[in-house]
Amino acid sequence: MPVVTEIFQKGYHREMRKTRIMIVAAALAAVMALSGCQESKVVETVPPETTPVTTVTEETTTEAVTSETTTTTTKATTTTTTTTTAAETTPAETEPAVTTTASGTGTPVAVTAATAAQNPSGVSTGGSHTPAAPAATTAPQTAAQTYATTLAHVSGYRYGSTKYEIKHDFEYMRDLNSDFVGWLKVDDTPIDLPILQASDNKFYLEHDFWGNYDYTKVGCSFADCHVPITETSRPDNVVIYGHNIRTGAGLAKLTNYYPARYGSLNFYITHPIISFESLDGGKSQYVVFAGMFVNTQTKHGDVFNYYQIREFTSESLFYRYFEAVFDRSVFYNPDLDVQYGDDILTLSTCFYPFGANVDTRFVVFARRIRKGETSVSTLNAYTNRSPLYFDYYYQVNGGSWAGRKWPESLIKGYSEWKKTHP
């Protein structure tokens, strides 16, 4: 018994010590909890997910962008090389381009964005016409805007994306954007707009005058990039591209020159004159002498790369080019001719009567009115009942080309030249 009692007492004391220890531990834990202390834990730190900036999916929304509070633009100073493509996804160019086969783009807008930036192309900052510098904004730049400002084209926007008023003032417009090279106007139509010229033929398809990416795809009307228009020179043939917008904006009204669309030549008869004011020689008037509906895809037949001839380096090149133009022209005016040495204006817009899958254009040709010409007659103009089209046109509408039937007097000097160049 004494041994058992001793063992019991020892066990009893051990249990009491454990109980006291547990009570103390519990009390300590309660105190720590009340004081805000927590048990230390090892937490794995995961870096935040980053969004790649090298791949951007282009949006196809047609909703107009009405807010200008997020259009802060940082101009890229690094130029990358891109493939030059002609406006409206025109096929890649191969020189020369005359040979053919007969087989078948202002109401004042409030300043709401962008800090004034120095023009990377070095436009003068002097002059009383210079707009006041806009207030800075802290609006973040979106992924799409970052993409838009890192394209190959380094713009001449002195004031970034700030939307100062567009107005018919050369010095003012040139100061806002050094890509401005001229002003195009057809009376009584929406064609009364600035013409730009970039370092490629793609940038202004999807950017507005102030350098913003244009989600509506209206873009700007612009001159072909290959031969610069400057204060002292311009190409023999100024090719201007612009979108055909359903609202009538851009160069949409060019299709009014197509008699097959409206059933008559009334638009040509009443609108034969186009004004083009350019850097090289002030305001000039041009008279329209031809228009054509053409295809851009070889899978649909004949392709005439009209946009590739910008300089007429010889009479033969001139004659070959315009005999191809008149083969396709949808109207003729026997009271007008075109001659080697004339300044030519070529206006091109998309036109999809067969749907977007058949990539076609309507193109209008005009020549500068010569010194001494005081009047232009359209009274004898007539529709060409059999212009040269392309295979797909004939597949849908039937018929075929009836051959060259235009009067050779439409090209001054052509008949004599043809005698030795059959």
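Residues numbered from 1 in each chain as written. Predicted model: local features only at pLDDT ≥ 70, side-chain atom pairs only at ≥ 80, totals over all residues. Heavy atoms only, no water.

I'd like a description of the overall build of the protein chain, backed by residues and values.
Helix and strand counts for the protein chain come out as eight helices and twelve strands. Here the protein chain holds 422 residues, and the buried ones make up 45% of them. Surface summary for the protein chain: the accessible area is close to 22,200 Å², and the carbon and sulfur share equals 55%. (Helix = DSSP H or I, 4+ residues; strand = E, 2+ residues; numbered from the N terminus. Buried < 20%, exposed > 50% of the residue type's maximum accessible area, 1.4 Å probe, protein only. Areas by Shrake-Rupley, 256 points an atom, 1.4 Å probe, with all protein chains shown as cover.)

Explain the nonpolar core to me, using residue names and the numbers behind them.
With 86 residues, the main nonpolar core has Leu184, Tyr257, Phe322, Phe326, Leu345 and Phe365 as its most contacted residues. Among residues more than four places away in sequence, those in contact with phenylalanine 326 are Phe289, Ala290, Tyr332, Val338, Trp406, Leu410 and Ile411. (Core = buried A, V, L, I, M, F, W, Y, C linked by side-chain atoms within 4.5 Å. Contact = heavy atoms within 4.5 Å.)

Any details on the pattern of salt bridges? Residues and values, ideally.
Scanning all chains against the criterion turns up 17 salt bridges. With its nearest N and O atoms 2.8 Å apart, the salt bridge here joins arginine 370 to aspartate 337. Of this pair, arginine 370 sits in the loop between β10 (360-368) and β11 (382-383) while aspartate 337 sits in the loop between β7 (331-332) and β8 (338-339); the two residues are 33 residues apart in sequence, bridging distant segments of the chain. Each member of the pair, arginine 370 as well as aspartate 337, is classed as buried. What you see here is one network of salt bridges that share partners, running through Arg320, Glu323, Asp327 and Arg404. (Salt bridge = Lys/Arg side-chain N within 4 Å of Asp/Glu carboxyl O.)

I'd like to hear about the pairing of strand β4 (residues 237-242), residue by residue, with values.
Burial analysis of β4 places six of its six residues in the buried class, the great majority of the element. In β4, alternate side chains face the same way, and those of Asn237, Val239 and Tyr241 on one face and Val238, Ile240 and Gly242 on the other are all buried. Here strand β3 (residues 222-223) runs beside β4; their pairing, made up of two bridges, is antiparallel. Residue alanine 223 lies in a different strand from β4, and its bridge partner there is isoleucine 240. Examined bridge by bridge, β4 and strand β9 (residues 344-350) share six bridges and lie parallel to one another. The residue bridging tyrosine 241 from the neighbouring strand is serine 348, located in β9. (Pairing = 2+ DSSP bridges.)

I'd like to hear about the pairing of strand β1 (residues 180-185), residue by residue, with values.
With five of six residues buried, β1 lies mostly within the body of the structure. Pairing of β1 with strand β2 (residues 192-196), which is carried by five bridges, proceeds in the antiparallel orientation. Note on β2: the bridge partner recorded for lysine 185 is aspartate 192. Two successive antiparallel strands, β1 and β2, enclose a turn made up of six residues, where aspartate 188 displays a positive phi of approximately 65°.

Outline the packing of aromatic side chains, listing residues and values.
Considering all chains together, one arrives at 44 aromatic pairs under this definition. Ring centres 6.0 Å apart and planes at 45° place the aromatic pair phenylalanine 289 and phenylalanine 326 in the tilted group. Placement of phenylalanine 289 in strand β6 (residues 282-295) and of phenylalanine 326 in helix α6 (residues 315-328) is noted, with a sequence separation of 37 residues between them. The residues phenylalanine 289 and phenylalanine 326 share a single accessibility class, namely buried. On the basis of an interplanar angle of 70° and a centroid distance of 6.1 Å, the ring pair of phenylalanine 293 and tyrosine 389 is categorised as edge-to-face. Taken together, the residues phenylalanine 293 in strand β6 and tyrosine 389 in the loop between β11 and α7 (391-397) connect sequence positions 96 residues apart. Among the residues examined, phenylalanine 293 registers a relative accessible area of 2% and is labelled buried. (Phe/Tyr/Trp six-rings, centres within 6.5 Å; stacked < 30°, edge-to-face > 60°.)

Lay out the confidence of the model for the protein chain in plain terms, naming residues and giving numbers.
Close inspection of predicted coordinates is inappropriate for parts of the model with low pLDDT. Looking at the protein chain as a whole, its pLDDT mean stands at 73, while 63% of the residues score no less than 70. Contacts for the low-pLDDT stretch residues 1-10, under 50 throughout, to residues beyond four places or in other chains number zero contacts. Counted against residues more than four places away or in other chains, residues 27-152, with its pLDDT under 50, gives 196 contacts. (pLDDT = per-residue confidence, 0-100.)

I'd love a proper account of the environment of lysine 405, names of residues and values included.
Looking at the secondary structure, you find lysine 405 in the loop between α7 and β12 (411-412). Along the sequence, lysine 405 and aspartate 327 sit 78 residues apart, while their C-alpha atoms lie 8.0 Å from each other.

Just give me the short version of unusual backbone geometry, but keep the residues and values in it.
The residue aspartate 188 is not glycine, and still its phi comes out positive at about 65°. Relative to the helices and strands, aspartate 188 is located in the loop between β1 and β2. If you check the backbone angles, lysine 217 has positive phi at about 65° while not being a glycine. By secondary structure assignment, the location of lysine 217 is in the loop between β2 and β3. Judged by relative accessible area, lysine 217 falls into the partly exposed class, the value being 23%.

Explain the side chain of histidine 243 residue by residue, including any values.
Counting through the fold element by element, histidine 243 comes out in the loop between β4 and α4 (259-262). Looking at histidine 243, the relative accessible area reads 11%, which means it is buried. Within the structure, histidine 243 has its side chain in polar contact with the backbone oxygen of lysine 217 (distance 3.3 Å). (Polar contact = N/O pair within 3.5 Å; in protein donor to acceptor, adjacent residues only side chain to side chain.)

Outline α6, supporting the account with residue identities and numerical values.
Between its terminal C-alpha atoms α6 stretches 20 Å, which fits the 20 Å expected from 14 residues at 1.5 Å a residue. Within α6, eleven of the 14 residues are buried, leaving the element largely enclosed by the surrounding structure. Buried within α6 we find Leu317, Phe318, Tyr319, Tyr321, Phe322, Glu323, Ala324, Val325, Phe326, Asp327 and Arg328. (Expected span 1.5 Å × (residues − 1).)

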